[in-house]
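Structure at a glance
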Amino acid sequence: MFKLSLFIIALVTTGVYSVNNDWWKDAIIYQIYPRSFKDSNGDGIGDLNGITMKMEHIKDIGVDALWLSPIYTSPQVDFGYDIANFTNVDPAYGTLADFDKLVAKAKSLGLKVILDYVPNHSSHKHPWFQKSIQKIKPYDNFYIWRDAKIVNGMRKPPNNWLSTFKGSAWEWNAQRGQYYLHQFATGQPDLNYRSKELDQAMKDVFIFWMNRGVDGFRIDAINVLMEDLRMPDEPRSYNPNAAADEYEYLNHIYTRDQNDTYDVVKAWRKLLDDYALKHKTDSKFMITEAYTNVPLTLKYYSAGSNPFNFMFISGLNGASTAVDFKRAIDTWTNNLPKGNVSNWVTGNHDNHRAASRFGVKKTDMITMLAAVLPGITVVYNGDEIGMIDRNFTWEETKDVFGCNAGPLRYHLFSRDPERTPFQWDDTTSAGFSSSKNTWLPIHENYKILNLDLQKKAPLSHYKVFKALTTLKRNVLNIRKSTMETVLITKDILAVIRRLDKKLPIVLLINTSDRDAVVDASSWLNIPRQMYAYIASVDSKIVSGTRIDTKLLRIPGSASLILTTSAQLFELFRYLNF
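Reading guide: rules and limits
- Residues numbered from 1 in each chain as written.
- Predicted model: local features only at pLDDT ≥ 70, side-chain atom pairs only at ≥ 80, totals over all residues.
- Heavy atoms only, no water.
- Helix = DSSP H or I, 4+ residues; strand = E, 2+ residues; numbered from the N terminus.
- Rg over C-alpha atoms; globule rule 2.2 N^0.38 Å.
- Contact = heavy atoms within 4.5 Å.
- pLDDT = per-residue confidence, 0-100.
- Salt bridge = Lys/Arg side-chain N within 4 Å of Asp/Glu carboxyl O.
- Phe/Tyr/Trp six-rings, centres within 6.5 Å; stacked < 30°, edge-to-face > 60°.
- Buried < 20%, exposed > 50% of the residue type's maximum accessible area, 1.4 Å probe, protein only.
- Pairing = 2+ DSSP bridges.
- Polar contact = N/O pair within 3.5 Å; in protein donor to acceptor, adjacent residues only side chain to side chain.
- Axes fitted to C-alpha atoms, helices over the stretch in contact; angles between N-to-C directions.
- Core = buried A, V, L, I, M, F, W, Y, C linked by side-chain atoms within 4.5 Å.
- Expected span 1.5 Å × (residues − 1).

Observations concerning the overall build of the chain
What the chain contains, in helices and strands, is 18 helices and 23 strands. Taking 577 residues into account, the globule formula puts the C-alpha radius of gyration at 25 Å, and the chain, at 25 Å, falls close to it. The principal-axis extent of the C-alpha atoms belonging to the chain is close to 80 × 70 × 50 Å. When contacts within the chain are restricted to residue pairs at least 6 apart in sequence, those whose partners lie at least 24 apart make up 68%.

Given below as structure tokens:
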């Protein structure tokens, strides 16, 4: 006892502290699109106080961290991704004091806060850009400026580079007498990380928000951060459907996935690590967005980031078979660098909702895969109740991506359908706002699809989601389990998690719309008698049902999770449906 007391005294006097350096390794991250989550003041736009008001819901569904899409001061050309002040809150969303209250509430509930960090560009309204136009040092070099190319006496852009949002990636500025690069909207000029002063200014942004309690950052559009300094024309792509002024018309070999991008990420990783060490905080999480191939995506691990795995968004869809799912999952996990963890993303604010991409019956299937596969689960607000896209007319369209495409092609590019307000209940504006006029229209199905209704239903997407987070938090643990995928038929895939010496937990998905009967017991080497822990809403399989795995019937487009009776009892203790 005397030696133990001395040891405790030594810990205190030497300043040893306890931090959590891997809190994110099996976390469930919940993305919030602030404009569409909850409006607290009746102006039809979601805000920070609205998020704080609904923080109990975020805690209730069992997630570990909330990720906020941009809340910064912005003229809203691209709804917050065009930033006029990286260290302040846009008045539409509230104030810095409101942000501090949100963080305090999250911490009181044991939730981490992740903030969107937008490094590629600022708004053209940012003071930096205005000073850069005037060539005021050091801001003159904060952006990427180039002289015009003169062809037959006519002023032309420096090269043929195209904007993601259509048209040339170059915009002429008469005051400065040069073109500036914008890989997105004309109101989003690209920042120049070859300027040491700009590089430091953006590092200071990280520090500002970490000082306010932010636990991590989602890095936007990281793979377009750097460009080839030679700035040659880019070659034609192999996409026959792209118009000559659309981004897909070119193969972006000089504006995407440049090697020095990874060096910038490494420097940020060091900054975050140094901050956590100095301030004795938990590890600061960093996750990067790069829509690129698997090898280039996986390179971000060596730079110190956890790169988004978008296979459920851009690689697979409602027509994908079990073979497709297994190939995609195995490709990712087999190439995952040793010592790192995967992440599995169900949806986000830039892509159609999971229920629309895969079909309503497969909504729970995607959430189940993201929860049962080992690593980080990333979900988009509304996925927990199976929200679907709303169809928009040209006249209703607000997204700059859709508007730039024009009335004949807007529906191919607009991101408005997946950004409609959260459907809380069946009252005015689905409980999102007290106003009938919301920034985007409410989906017309809100009377039959809303959180309040799903809480009262015997089975719903909400209850499936809670069952999944309960399973992930209380039983599945990536550091104490193995995973394997088994193709039973071309339509039936199993994901098996074996937990130390315990019996396995098994997820089965049927990618076909036809019912199937399989001998899962023999194929998977699992007990003949198991129990349905949770099944997809339309499967009509009741939780707690005993299952004969040798003659297992899986309805079309259904998914279910099997456990032992002991595991089932343990999990049911945690659920409070």
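Quick word on the confidence of the model for the chain
The predicted model of the chain averages 94 in pLDDT, with 96% of residues at 70 or higher. A low-confidence stretch, residues 1–17 (pLDDT under 50), is modelled with four contacts involving residues beyond four sequence positions or located in other chains.

Notes on the pattern of salt bridges
Counted under the stated rule, the structure contains 35 salt bridges. Put simply, Asp215 and Lys107 hold a salt bridge, and the shortest N to O gap is 2.5 Å. On the criterion of sequence distance, the pair formed by Asp215 in the loop between α6 (196–210) and β11 (216–219) and Lys107 in helix α4 (residues 96–108) is long-range, its members being 108 residues apart. Between Asp245 and Lys166 there is a salt bridge, with the nearest N and O atoms lying 3.7 Å from each other. Linking Asp245 in the loop between β11 and α7 (259–279) with Lys166 in the loop between β8 (154–156) and β9 (170–173), this pair joins segments that are 79 residues apart in sequence. Where salt bridges share partners, they join Asp78, Asp350, Asp399, Arg415 and Arg419 into one cluster.

As for the packing of aromatic side chains
Two measures describe an aromatic ring pair: the distance that separates the ring centres and the angle between the ring planes. For the structure on display, the rule yields 39 aromatic pairs. The interplanar angle of 70 degrees and the centroid separation of 5.7 Å between the aromatic rings of Trp145 and Tyr180 together place this pair among those described as edge-to-face. Of this pair, Trp145 sits in strand β6 (residues 145–146) while Tyr180 is found in strand β10 (residues 178–181), placing the two residues 35 residues apart along the sequence. Assigned by exposure class, Trp145 and Tyr180 land together as buried.

Considerations on the sheet that holds β6
Reading across the sheet, the three strands line up as β6-β10-β9 and stay open at both edges, with antiparallel pairing between neighbours. Two strands close off the open sheet at either side, each with one partner strand: β6 and β9. Relative to β10, β6 is paired through two bridges, and the arrangement is antiparallel. From the neighbouring strand, Trp145 faces β10, where its bridge partner is Tyr180.

Some details on the environment of His121
For His121, the location among the structural elements is in the loop between β5 (112–117) and α5 (127–133). In this structure, the C-alpha to C-alpha distance between His121 and Tyr143, residues 22 residues apart in sequence, is 8.5 Å. Separated by 3.0 Å, the side chains of His121 and Asn120 make a polar contact.

With respect to the sheet that holds strand β23 (residues 559–563)
Strand order in this open sheet of six strands is β16-β17-β18-β23-β20-β21, and the pairing throughout is antiparallel. If you trace the sheet from one side to the other, it starts and ends with β16 (481–487) and β21 (546–548), each paired once. Adjacent strand axes in the sheet meet at a mean angle of 30 degrees, parallel and antiparallel pairs treated alike. Two strands pair when backbone bridges link them, and strand β20 (residues 529–535) and β23 are joined in this way by four bridges, in the antiparallel orientation. Residue pairing in the sheet places Tyr531 in a bridge with Thr563 of β23. Of the strands in this sheet, β16, β17 (492–499) and β18 (505–510) are in contact with helix α10 (residues 322–335), which crosses β16 at around 145 degrees.

A word on the pairing of β16
Across seven bridges, β16 lies against β17 in antiparallel orientation. Considered in β17, the bridge of Ser481 is made with Leu499. Counting the residues between successive antiparallel strands, the hairpin from β16 to β17 contains four residues.

So, the nonpolar core
Ile58, Leu66, Phe99, Tyr193, Trp209, Phe217 and Trp268 are the most contacted members of the largest nonpolar core, which has 82 residues in total. Each residue touching Tyr193, except ones within four places of it in the same chain, is listed here: Tyr117, Pro119, Leu198, Asp199, Met202, Leu225, Met226, Val264 and Trp268. Within the second largest apolar cluster, 37 residues are counted, among which are Phe358, Val464, Leu507 and Ile509.

Focus: the pairing of β5
Across the six residues that make up β5, a large majority, six, are buried. Side chains Lys112, Ile114 and Asp116 of β5 all project onto a buried face; the interleaved residues Val113, Leu115 and Tyr117 project onto the opposite face, where all are buried too. In this structure, strand β2 (residues 65–68) lies alongside β5, joined through four bridges in parallel fashion. Looking at β5, one finds that Trp67 is bridged to Ile114. In this sheet, β11 lies alongside β5 in parallel orientation, the contact comprising four bridges. Across the sheet, residue Ile114 finds its bridge partner in β11, namely Gly216.

Thoughts on the side chain of His57
Counting through the fold element by element, His57 comes out in helix α3 (residues 55–60). Taking the relative accessible area as the measure of exposure, His57 reaches 7% and is therefore buried. Of note is the side chain of His57, whose polar atom sits 2.8 Å from the side chain of Glu384. Apart from the residues lying within four places of it in its own chain, the contact partners of His57 are Tyr30, Phe37, Glu384, Phe422, Trp424 and Leu451.

Side note on unusual backbone geometry
One can expect most non-glycine residues to show negative phi and most peptide bonds to be in trans. Residues Lys137 and Pro138 are joined by a peptide bond in cis, for which omega reads 0 degrees. Here Pro138 lies in the loop between α5 and β6. For Asn152, which is not a glycine, the phi torsion comes out positive at approximately 55 degrees. Within the element layout of this structure, Asn152 appears in the loop between β7 (149–151) and β8. Unlike most non-glycine residues, Asp257 shows phi in positive territory, near 60 degrees. Take Asp257: it is sitting in the loop between β11 and α7.

Quick look at helix α16 (residues 461–474)
Helix length check: α16 (14 residues) gives 20 Å between terminal C-alpha atoms against 20 Å at 1.5 Å per residue, within 8%. With 12 of its 14 residues buried, α16 lies for the most part within the structure. Buried within α16 we find His461, Tyr462, Lys463, Val464, Phe465, Lys466, Ala467, Leu468, Thr469, Thr470, Leu471 and Lys472.

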